[in-house]
Structures are given as structure tokens and as C-alpha cells.
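Spelled out from the first residue to the last, the chains are:
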Amino acid sequence: MLIDSHAHLEMPEFKKDLEAVIQRAKESGVEYIFTVGTEKKDWKKALEIANSHPSIYAILGVHPHNAKEIDDGTYPILKELCRGGKVKAFGEIGLDFFRNLSPRDIQLKRFQEQIGLAKELKLPIVVHDREAHQETMEILKSEKAEECGGIIHCFSGNYEMAKVCIEMGFYISIPGSITFKNAEGFREIVKKIPLESLLVETDAPFLTPEPFRGKRNEPSYVRYTAQKVAEIKKVSLEKLADVTTKNALRVYKLL
Ligand SMILES: [Zn+2]
Ligand SMILES: [Zn+2]
């Protein structure tokens, strides 16, 4: 049994064949999928998908790309939607200094605020950090994010960063890019991260693992990422699946 700890099933890429995608995930041993609604227009859709599938849960929040769209009405709506039992985490929230689709000062402010919101809702957070490691760590510390814990998704930091995150009660989630030819440095870092702190994810429809790189990603492909992580950690796929599944169930409070 595997878990895709992070996908975006509500995105338009899945509009035509969502049920087939979910079926294929089941057939390849993916027991649960956590679908992440990253902006206002996607929250209800993500929740709808979760509510109509026993094997799917939702994660809601405002992505750093959309931080500039937050207004007075945003948080009340989010709070209301997050109270449903199918929402298991708050996110993805954080900083994206690679694409900078929202101004950096607004990203920083909204990241801080949303950590507070997650604590109020008693939900773990899912953190998106792209090219903003130092600022992400500063905010996690200053906002006492260890009080809610959560996941650093699509982890791209170094081992030192992983270590501090783990000490703060966070899990480190590994995406399909671990299978890429040029990811040798990333594999060296994952080798050192304890199995007990690892999760696997697709971030579908993005970051498709080999051998499907270039095509649309989907939750059934989390198996290829898990296989690669198992190789790196020198354990069987069964063992890797077992431990990462327990880790995911623990962080999402389903265990
Ligand atoms: Zn992300
Ligand atoms: Zn994502």
C-alpha cells in the first residue's frame, strides 16, 4: 500500500478522466490520495472530490503564487471549508522566490498569517519552498511552526535544512524529480534522511517521474518515486511503502 501525500486532482488537467485516474491509482496500490486546493477557485472542487471518494482527502490553503489575491473575505471562507472532516492539513503555504508570481513581501506576510490560521484550526501545514530556503526556515521558527508540524513538500533543501525541519516535527516529502538523471545531489541528501521522516508524493499533474517524464503526472506514478527512494535507502519497495504510509497517516492524524 502506498499513499500519494500530495496531488492536485482538482486541476483542469484531470477534468476529462478523473475517475479513470483514481481507478488506476487504486489498481497500482495507492490507497489514499491527498489533493491540494491551492486557490479560491479550487477549494470547493478539491473538497467535492474528497467528499465523493472514501480514499481521497483534501488539503486547503493559499499557494504563494496566489498570495496577492488574499483579501478580507479569504480566511473566513477557508476556515469554514477546513472544518469539514475531510480536510487533513492546511496548505500549501510558503514561499516561491523562483517564479515570484506574488510580490515577495506579500508572500512573507501571508505565509506567516496562514501558519497562525493552521494552528487555530489545529491542522498540520504543507509547506511549499522554492528558492527561498533561508526565509522559509526563518518564518517556520519565528511563527513556532513546531506547534502544528506538517510536511515540507517537494523538498529541495540540503541535509542541514532537513535535519532542522525534522527536529521541528516536520516530515520531508519526496517528489518524482528524485528519479531524474541529474538529481544525484538530491539522492545523496535523501540517503541521509531517516526513513521515519520521509513521505512520497506526485504533485500531479506536475513533476512526472521517469520513465514518464514529460507527460502528465498522476497518483499511480508515485510508485516510481517510491521505487527510487527504496533503492536509495537500500530497502525493499514493500518496506518503503509500509513506512511512508505510516508516516503519512501519522502526520495527517489518520492513525
Ligand atoms: Zn508546491
Ligand atoms: Zn503542489
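Look up a bit, the structure's there.
First things first, this report covers the structure right here in the doc. (Residues numbered from 1 in each chain as written. Chains lettered and ligands numbered in written order. Predicted model: local features only at pLDDT ≥ 70, side-chain atom pairs only at ≥ 80, totals over all residues. Heavy atoms only, no water.)

### Considerations on the pattern of salt bridges
In this structure the tally under the stated criterion is 14 salt bridges. Here E113 makes a salt bridge to K109, at a shortest N to O gap of 3.3 Å. Placement of both E113 and K109 in helix 4 (residues 104-121) is noted, with a separation of four residues, approximately one turn of the helix. The salt bridge partner of K228 is E231, with a shortest N-O separation of 3.3 Å. Placement of both K228 and E231 in helix 8 (residues 222-233) is noted, with a separation of three residues, approximately one turn of the helix. For K228, a relative accessible area of 22% gives the class partly exposed. Owing to a relative accessible area of 47%, E231 belongs among the partly exposed residues under this scheme. (Salt bridge = Lys/Arg side-chain N within 4 Å of Asp/Glu carboxyl O. Helix = DSSP H or I, 4+ residues; strand = E, 2+ residues; numbered from the N terminus. Buried < 20%, exposed > 50% of the residue type's maximum accessible area, 1.4 Å probe, protein only.)

### Considering the coordination of the zinc ion (ligand 1)
Surrounding the zinc ion (ligand 1) are the protein donor atoms E92 (OE), H128 (ND1) and H153 (NE2), which sit 1.9 to 2.1 Å from the metal. Linear spacing of the donor residues for the zinc ion (ligand 1) on their chain is E-x35-H-x24-H. Taken as an interatomic distance, the gap from the zinc ion (ligand 1) to the zinc ion (ligand 2) is 3.5 Å; E92 donates to each of them. Separated by 36 residues along the polypeptide, E92 in strand 4 (residues 87-96) and H128 in strand 5 (residues 125-130) bring together distant segments of the chain. One exposure class covers both E92 and H128, and it is buried. (Donors = N, O, S within 2.8 Å, 3.2 Å for Na, K, Ca; no water.)

### Things to note about the sheet that holds strand 3 (residues 56-60)
Whether parallel or antiparallel, the strands of a sheet pair through hydrogen bonds between backbone atoms. Strand order in this open sheet of eight strands is 1-2-3-4-5-6-7-8, and the pairing throughout is parallel. Bordering the open sheet on either side are strand 1 (2-7) and strand 8 (198-200), each of which pairs with just one other strand. With direction set aside, neighbouring strand axes in the sheet form an average angle of 25 degrees. Pairing of strand 5 with strand 6 (residues 150-153) involves four bridges; the strand directions are parallel. Bridge pairing in strand 6 places I125 opposite G150. Set on the sheet, helix 2 (residues 40-51) makes contact with strand 2 (30-37), strand 3 and strand 4; between it and strand 3 the angle comes to about 160 degrees. (Pairing = 2+ DSSP bridges. Axes fitted to C-alpha atoms, helices over the stretch in contact; angles between N-to-C directions. Contact = heavy atoms within 4.5 Å.)

### A closer look at the nonpolar core
L9, F90, I115, I125, L140, F170 and I172 are the most contacted members of the largest nonpolar core, which has 72 residues in total. Among the nonpolar cores identified, the runner-up in size contains 14 residues, and I59, V126, Y171 and Y252 belong to it. (Core = buried A, V, L, I, M, F, W, Y, C linked by side-chain atoms within 4.5 Å.)

### Section: the environment of C148
Position of C148 among the secondary structure elements: in the loop between helix 5 (133-142) and strand 6. For C148, a relative accessible area of 13% corresponds to the buried category. Between the alpha carbons of C148 and Q107 there is a distance of 20 Å; along the sequence they are 41 residues apart.

### Topic: the coordination of the zinc ion (ligand 2)
Protein coordination of the zinc ion (ligand 2) is provided by H6 (NE2), H8 (NE2), E92 (OE) and D203 (OD), with donor distances spanning 2.1 to 2.3 Å. Coordination at the zinc ion (ligand 2) is irregular, judged from the four donor atoms that bind it and the angles of 84 to 178 degrees they form at the metal. All donors to the zinc ion (ligand 2) come from one chain, and their sequence spacing reads H-x1-H-x83-E-x110-D. The class for H8 is buried, based on a relative accessible area of 2%. (Tetrahedral: all angles 85-135°; square planar, octahedral: opposite > 155°, others 65-115°.)

### Thoughts on the packing of helix 5 against helix 6 (residues 159-167)
In the contact formed by helix 5 and helix 6, the axes pass within 12 Å of each other and the chain directions differ by 15 degrees. The orientation of helix 5 relative to helix 6 falls into the category roughly parallel. Regarding helix 5 and helix 6, the two cross each other, and that crossing is left-handed. Note on element contacts: helix 6 touches helix 5 through M161, V164 and C165, opposite H133, M137 and K141. (Parallel < 35°, antiparallel > 145°, perpendicular 65-115°, else oblique. Left-handed = near helix turned anticlockwise from the far one by under 90°.)

### Points about the side chain of T136
Secondary-structure assignment places T136 in helix 5. On the basis of relative accessibility, which here comes to 0%, the residue T136 falls in the buried class. Setting aside its immediate chain neighbours within four residues, T136 contacts L95, F111, V127 and D129.

### Section: the layout of surface pockets
Quantified by volume, the largest pocket comes out at close to 680 Å³. Taken together, 28 residues make up the lining of the largest pocket; nearest its centre are H65, D96, H128, R130 and D203. If you tally residues by element for the lining of the largest pocket, the top one is strand 5, at three residues. (1 Å grid on protein atoms, 1.4 Å probe; cavity = no way out; pocket = protein on both sides within 12 Å on 5 of 7 lines; lining within 4 Å. Points joined across faces, edges and corners; volume = space filled by probe spheres on them.)

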